[in-house]
Amino acid sequence: MRFLDRLQVKLSLLLVVAFTLVLAAFSLYDYHAVKAARMAELRLLADRVTERLSHILLSPMWNVDAREISRILETEMANGNLFAVIVLDEDGKSVLAGSRRDGGALHEVNSLWEEDGVFGRTRRIEMDGRNLGSLNVFVHTRHMEQDLLETVAANVLRTFLLEIVLVALIFFFVKSAILDPLDHMRRVARRISQRRDYSLRFPADRRDELGSLSDTFNEMLVIISQNEQTLKLHGERLEELINRRTLELAGAKKIAEDANQAKGEFLANMSHEIRTPMNAVIGMAELTLKTPLSPRQRQYLSVIRASSRSLLRVINDILDFSRIEAGKMTMERIAFRLSDVLDEVLDLFRGAMTDRDVELILEVDPDVPDALLGDPLRLRQVMVNLVSNAFKFTERGEVAIRASLSREMDSQVEIVLGVRDTGSGIPAEKLDSVFAAFTQADGSVTRKHGGTGLGLSIARDIARLMGGDVRVKSDVGRGSEFVVTVILDKDSTVLPGVREAASRFEGRRILVATANQGLGVAMDKALRRFGATTEQAATGKELLSRISEAGPAFDAVLVDGVLLADLSAGGADGLSGLFARFASTIVLTPTGKAREALFDAYPGARYFLEKPVGLAGLALGLSQAMGLAPSDGDPDAPLSGLPAQEPEPSFPGLRVLLAEDNATNRLVAGEIFADAGIVASMAENGRQAEEMAAREPFDMIFMDVSMPGMDGYEAARRIRALPQGGQTPIVAMTAHVLPGDRQRCLDAGMNDYLTKPLDRKRLFAVIATWAGHWRRQETAPGDHAGPSGDAVPGPGQGPLSDEAWLRGVPGLDVDEGLYRLGGKAAIYRSILSGFAKSGREYLGQMRQAMAHGRADQARDVAHKLAGAAGNVSAVEVRDMAWAMEESLDSGRLEEAGVLMESLAQAMEAVAGGVEGLGTAGGAAAQPRAG
């Protein structure tokens, strides 16, 4: 505690200040009172002296005796209060006699009246009516003021001494009566505070207010002591309750985690059950797309493939929502073309335009960059969800997809993607809830349109993971617009595609004729993106007029088929005249119209482009109409805007190590690697893979996770510990698809994760990602060369006897198997012969394990059989093996026993079919073993 904060010091200062103020007031009053009394005395003195001298000086002045007058005045000047006495003659001009205490001039009488501290009296001296002169008496206050100050000082000194005595007496009284008891109470209170000892008490030996205060404090201490005991009891009970609740919460947490795991397993199993039949549909479409097709057939098959994939979106939405809730959804960063993503969205909704009066328009600003880095699948998912929502609520009108550049940074760009419709719109009170999961704008509309209510929620969450967001604005009765912002990285790599069209169309002049203003704006932006210049025509007559006036100046004409309805069929001013004068005219037609119907509707037309028009389709159509690129198939067939079939990548000379205990799986993977020019070494278990990785360097390692002896997890950890194994990419290969399996592989030191059966496109994408330093080459489908360099026939082009032999084996998805092996029917036959033998061995091992009660061992063997069957497309064996693995893993042994018999029958059907049809006619080239 500071000195000035002590109560004793404050009280002492208060007393000193109070008495000092009283002393000052008293001294001031005393000074003025004494001064007033002294002044009155001086005035009285002046009056008496004047009166007395006026009588004494009568005789000397009558006789004009100056000496006598001077003597009388000197006598009076003995009084120290007199300053000056001066006698003037009757004229008042001459001084008869006088005296001044300061020795000043006597004739300066008038100045004395104005001097400070001096006042005077004057009187005429007369005798018998004769004026003898005048008497002037002056009194000064200097002597009086000096005496006054001395008197007051003495009084102040005496009063101050008395004040000190009084202050001391009062202070000692207050200290003993108040301050000391308070200080004692303070010390007691501090001990209570520091020791938490509420048994201490304040002294209670006084009868005054302090004694009453001590009694009150003591009563309070009693209450506090009782409350402390009560709180202690409550604390013990609360601690016991918390421990009990903690145990309950731990149990509830365990139940919730088990339920969450069960949900994940259910979602994974449901995903598998849905994907299995859909893979057949998609695979058949992809196999057919590898054969020579007309553009119309390629379009139809592409729509079938896209629509089949869209059927998986419901389960994917549920899985994505589960991942987002768990915070496990991550964004990839790969190179892609924005125009490809938008064109794919258009292709997916072509079928939706055939049964409703809705126009789908793609509008891309010319300055939007095309080569980007990000997650194209997730970006497409966002756009598909938004466009699907727009079609759901739009019966007629149009749905417009817009893309613009918001801002450009050093290495990133912010892209704005919008989906606008002319549907029913969303009420203002519903705008805040449209992004909530399992929620739609209107419950009554839900029954009409259906849907899970997850699309918009997932779209917003994905956009936020991409650094952006989704917002909506709507006008009831006029439509809605959803605006997506995403931040993507720039890709400096020059990618082939729509941007190459700029060199072909630079400086070209193209006429766009359509009554749809939105379509006209979209075509104008797309053509300016290609480097061309455009002009617009809004009616058929305006179109003919433009062509007649400046026909040769146009390099091509894009005309909406709807616009030609008001033109006659024949004549120079009709449709046939238009197409005869200007052959490079492309008619924009609705989706799904037969070629014969188009020829009947637009006689003379040669080129058609189906709506919706994508950037790739527009570039291809213009190239064909203007003779800038050779056309595939029938030039009179409608153009779909779909890009040509993508060539498969090739990695010649890339060295990989495959660790796989199943011989069939090794054969399948070896053939896929050989198709891509990859040199593959084989290891049958984890220990052998470790030894081979220590002996020679590899560009990549593919690791099966379930192998006897040393599994793939332990092998990956040991390879990572090798001097040369720290930087080698390791990719897991497994049939496990539960959410935690991928993370378990990554925790073991692997870089990526592939599920069985292997998908060629996914496999090559993973290789391109992790072996990106390797020079990648593109090879047309069906032109892959094996290690010997001999050409390999494409799907369906192998020896007829081999393919016919394969289709005679029951339980096989031959098309899927041929697709996986690049159409090599002879290799497929050889692999099946090995699978027939190994499959029976697996069955024997499973029966032996189950007979001895080793369910875990039987489950592992079932997992291997499922992977091997999947790789050879033995779908029935694969599905039965997966079901048995799940039963054994869940402890349902009786169910597993029943499945065992069904699995044995399916396996025997495949093996018997292989053996019954004879041995393969030609041996397939085997990849070298390690």
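The text that follows walks through the structure, step by step, so that each part is easy to find. What you see is a predicted model, and the numbers here were worked out from it, not measured in a lab.

Reading the values: rules and limits
Residues numbered from 1 in each chain as written. Predicted model: local features only at pLDDT ≥ 70, side-chain atom pairs only at ≥ 80, totals over all residues. Heavy atoms only, no water. Helix = DSSP H or I, 4+ residues; strand = E, 2+ residues; numbered from the N terminus. Buried < 20%, exposed > 50% of the residue type's maximum accessible area, 1.4 Å probe, protein only. Contact = heavy atoms within 4.5 Å. Core = buried A, V, L, I, M, F, W, Y, C linked by side-chain atoms within 4.5 Å. Domains from an automatic or database assignment. Axes fitted to C-alpha atoms, helices over the stretch in contact; angles between N-to-C directions. Parallel < 35°, antiparallel > 145°, perpendicular 65-115°, else oblique. Left-handed = near helix turned anticlockwise from the far one by under 90°. Salt bridge = Lys/Arg side-chain N within 4 Å of Asp/Glu carboxyl O. Pairing = 2+ DSSP bridges. Expected span 1.5 Å × (residues − 1). Phe/Tyr/Trp six-rings, centres within 6.5 Å; stacked < 30°, edge-to-face > 60°. Lys NZ or Arg CZ within 6 Å of the ring centre and 35° of its normal.

The number of helices and strands found in the chain is 29 helices and 23 strands. For the chain, buried positions account for 46% of its 930 residues. Taking all contacts inside the chain whose residues are at least 6 apart in sequence as the whole, residues at least 24 apart take part in 69%.

Let us now look at the nonpolar core. Grouped together as the largest cluster of nonpolar side chains are 71 residues, with contacts concentrated most on L379, I401, L527, L618 and L622. Sort the elements by how many residues they give to this core and helix α10 (residues 376-392) lands first, with eight residues. Taken domain by domain, the makeup of this core includes at least three residues from each of domain 2 (330-443 + 451-495) and domain 3 (504-643). In this structure, L618 is in contact with M523, A526, L527, F530, L558, L609 and V613, ignoring residues within four places of it in sequence. Listed in part, the 65 residues of the second largest apolar core include L654, A680, L806 and M907.

Once that is clear, we can look at the packing of helix α27 (residues 855-871) against helix α28 (residues 875-889). Where α27 meets α28, the closest approach of the two axes is 8 Å, and the angle between their N-to-C directions is 155°. Here α27 is positioned roughly antiparallel relative to α28, judged by the angle of their axes. Relative to α28, the crossing made by α27 is left-handed. Listed contacts from α28 to A855, A858, R859, A862, H863, L865, A866, A869 and G870 of α27 are V877, R878, A881, W882, E885, L888 and D889.

Moving on to the pattern of salt bridges. When the charged atoms of two side chains with opposite charge come close together, those side chains can pair. The final tally for this structure, using the stated rule, is 41 salt bridges. The closest approach of N and O atoms between R892 and E895, which form a salt bridge, is 2.8 Å. On the basis of relative accessibility, which here comes to 35%, the residue E895 falls in the partly exposed class. Look at the salt bridges and you will find they share partners, linking E363, D365, R402 and K525 into a network.

Time to look at the sheet that holds strand β16 (residues 607-610). In spatial order, the strands read β13-β12-β14-β15-β16; together these five strands make up an open sheet with parallel pairing. The sheet is open, and its two borders are formed by β13 (533-537) and β16, each paired with just one other strand. Strand after strand, the sheet turns through a mean of 25° between neighbouring axes, direction not considered. Bridging between strand β15 (residues 585-589) and β16 involves four bridges; their strand directions are parallel. Bridge pairing links T589 to E610 in β16. Here helix α15 (residues 540-550) sits on the sheet and contacts β12 (509-513), β13 and β14 (556-560); the angle it forms with β13, its principal contact strand, is near 135°. Contacts from helix α18 (residues 615-625) reach β12, β14, β15 and β16 within the one sheet, and its direction differs from that of β16 by about 180°.

Ordered by their spatial adjacency, five strands build an open sheet running β19-β18-β20-β21-β22, and the pairing between neighbours is parallel. With one partner strand each, in any of the chains shown, β19 (679-683) and β22 (752-755) form the two edges of the open sheet. Across the sheet, the axes of successive neighbouring strands diverge by a mean angle of 20°, strand direction being ignored. By the bridge criterion, five bridges tie strand β18 (residues 655-659) to β19 in an arrangement that is parallel. Bridge pairing links A659 to A683 in β19. Across the sheet, helix α23 (residues 760-770) is in contact with β20 (700-704), β21 (730-734) and β22; its angle to β22 comes to roughly 170°.

A cis amide bond links K611 to the next residue, P612, at an omega of 5°. With respect to the element layout, P612 can be found in the loop between β16 and α18. For V64, which is not a glycine, the phi torsion comes out positive at approximately 55°. Judged by its relative accessible area of 60%, V64 is exposed. Backbone geometry at S873 places phi at a positive 60°, although glycine is not the residue there. Mapped onto the secondary structure, S873 falls in the loop between α27 and α28. For S873, a relative accessible area of 0% puts it in the buried group.

So, about the environment of F26. Along the chain, the position of F26 falls in helix α1 (residues 7-56). Placed 129 residues apart in sequence, F26 and N155 show a C-alpha to C-alpha distance of 9.7 Å.

The end-to-end C-alpha distance of α28 is 21 Å, a good match for the 21 Å that 15 residues give at a rise of 1.5 Å each. Residues V875, V877, R878, A881, W882, M884, E885, S887 and L888 constitute the buried set of α28.

This part covers the environment of D741. Within the secondary structure, D741 sits in helix α22 (residues 739-747). Judged by its relative accessible area of 14%, D741 falls in the buried class. The spacing of D741 and Y753 is 12 residues in sequence and 9.0 Å in space, taken between C-alpha atoms.

Under the definition given, this model contains three aromatic pairs. The interplanar angle of 40° and the centroid separation of 5.3 Å between the aromatic rings of F673 and F702 together place this pair among those described as tilted. One end of the pair, F673, is in helix α19 (residues 663-675); the other, F702, is in strand β20, with 29 residues separating them in the sequence. What makes F702 buried here is its relative accessible area of 0%. Sitting over the face of the ring of F119, R43 holds its NZ or CZ atom 5.8 Å from the ring centroid. Here the basic side chain of R509 rests over the ring of F554, its NZ or CZ set 4.6 Å away from the ring centre.

Looking now at the pairing of strand β10 (residues 469-475). Note on strand geometry: in a regular strand, side chains alternate between the two faces of the sheet. Where β10 lies against strand β11 (residues 479-490), seven bridges are found, and the strand directions are antiparallel. Counted as the bridge partner of V470 is V484 from β11. Turn length for the β10-β11 hairpin, with the two strands adjacent in sequence and antiparallel, is three residues, and the turn residue G477 shows positive phi of about 90°.

It is worth stressing that arrangement in space is one thing and function is another; only the former is reported here.
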